[in-house]
Amino acid sequence: MLTRRRAWFAVATGLGMTATILSAGTASAEWTDVECDRNKYECEVSAGSDADPGGTAGVPPGEGDDGAYGDGEEPPSVSDPGVPDQEVCESWIDATFDLDSDYRAGPRPSEDHKLMHTSCKYPDGTGSIDSEWVEVDEDGNVVVDPAVLAQQAVDALALPAPRIDASPPGAQLVNLPVWLWLEDDSWQEQTATASVPGTTVTAVAVPVLATWEMGDGATETCYSAGTEWTESAEAEDASPDCGHTYTSTSAGAPGGEYPVDVTVTWNITWSGGGESGTEPDMTTAAATSWPVAQSQAVGEAD
């Protein structure tokens, strides 16, 4: 006989991943049909057994009135087109059942704990789902230390690598000031967030320092991205905030060029959940090289 019950079904929204029905009870079922309300994360489960001749037992999914999919339709697959090029995860709290135990998360710690499910879809088309007990307040929001979310937000920061520019471009000349700067998109404030229902923490990274190793033993410390050279400046003018003047050629350097390295230091702060704080600085780096040739001193006669 066809049995039908409402069960919690752990399913990733839009993924169509195969998952385990938590409330078992249809023994010896040879097929199981599932129809999910993806907004509520609930499913109607229809199961039948060929050993039971009554009702619609033995009718394959999609061929009976209780089929989750139409005639000839197949459940969505994670291998379908549209798989993201990065990991995508979603989390939600199970408010459907007041469970005492979960096969993934184990026994319920207390009545103040609810199940939080997290489903992830990976770039290779696979997916996973996990559960954990989380403490919730009287409004059903997760009770979490904002500092824990802050660390997650900091870990999610995607800091751009520095993009080096200089004038003159390429080869440099002894005694001619070099203007150094970083492209705007590598010197911009970056943010990332981490959330649980009821609490969001935002991490902010601000570039504050660029340290240039010029290859000739000198180090230039700049507190900005630098200033781009324009034709309004004279050739002998030095950069107002970030530059260097070579006093020797690179003839004796490996490959005949000076290696140039820049390291950008980022200050990290966070706020949310009624709290705020700081995290250790982060750095990004980039490298290039250029030859430095001898030239006449500016203003020297031929």
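Refer to the preceding data block for the structure.
Residues numbered from 1 in each chain as written. Predicted model: local features only at pLDDT ≥ 70, side-chain atom pairs only at ≥ 80, totals over all residues. Heavy atoms only, no water.

Trainee: Just give me the short version of the side chain of Thr265, but keep the residues and values in it.
Mentor: Its place among the elements puts Thr265 in strand β16 (residues 258–272). Not counting the four nearest positions on each side in its chain, Thr265 is found in contact with Val206, Pro207, Val208, Leu209, Asp281, Met282 and Thr283. (Helix = DSSP H or I, 4+ residues; strand = E, 2+ residues; numbered from the N terminus. Contact = heavy atoms within 4.5 Å.)

Trainee: Please provide a residue-by-residue account of unusual backbone geometry, values included.
Mentor: Look at the link from Ser167 to Pro168: it is a cis peptide, with omega at 5°. Mapped onto the elements, Pro168 comes out in the loop between β9 (164–167) and β10 (172–173). A positive phi is found at Asn175, a non-glycine position, where the angle reads about 70°. On the secondary structure map, Asn175 appears in the loop between β10 and β11 (178–182).

Trainee: So, the sheet that holds β11: which residues are in play, and what are the values?
Mentor: The pairing of strands in a sheet happens through backbone hydrogen bonds and is either parallel or antiparallel. Taken in spatial order, the three strands of this open sheet run β9-β11-β15, and their pairing is antiparallel. Only two strands of the sheet have a single neighbouring strand rather than two, namely β9 and β15 (243–244). (Pairing = 2+ DSSP bridges.)

Trainee: Give a description of the pattern of salt bridges that names residues and reports values.
Mentor: The full count for this structure, using the stated rule, is one salt bridge. With its nearest N and O atoms 2.8 Å apart, the salt bridge here joins Asp185 to Arg163. With Asp185 in the loop between β11 and β12 (190–196) and Arg163 in the loop between α1 (146–155) and β9, this pair connects stretches of sequence that are 22 residues apart. A relative accessible area of 39% places Asp185 in the partly exposed class. (Salt bridge = Lys/Arg side-chain N within 4 Å of Asp/Glu carboxyl O. Buried < 20%, exposed > 50% of the residue type's maximum accessible area, 1.4 Å probe, protein only.)

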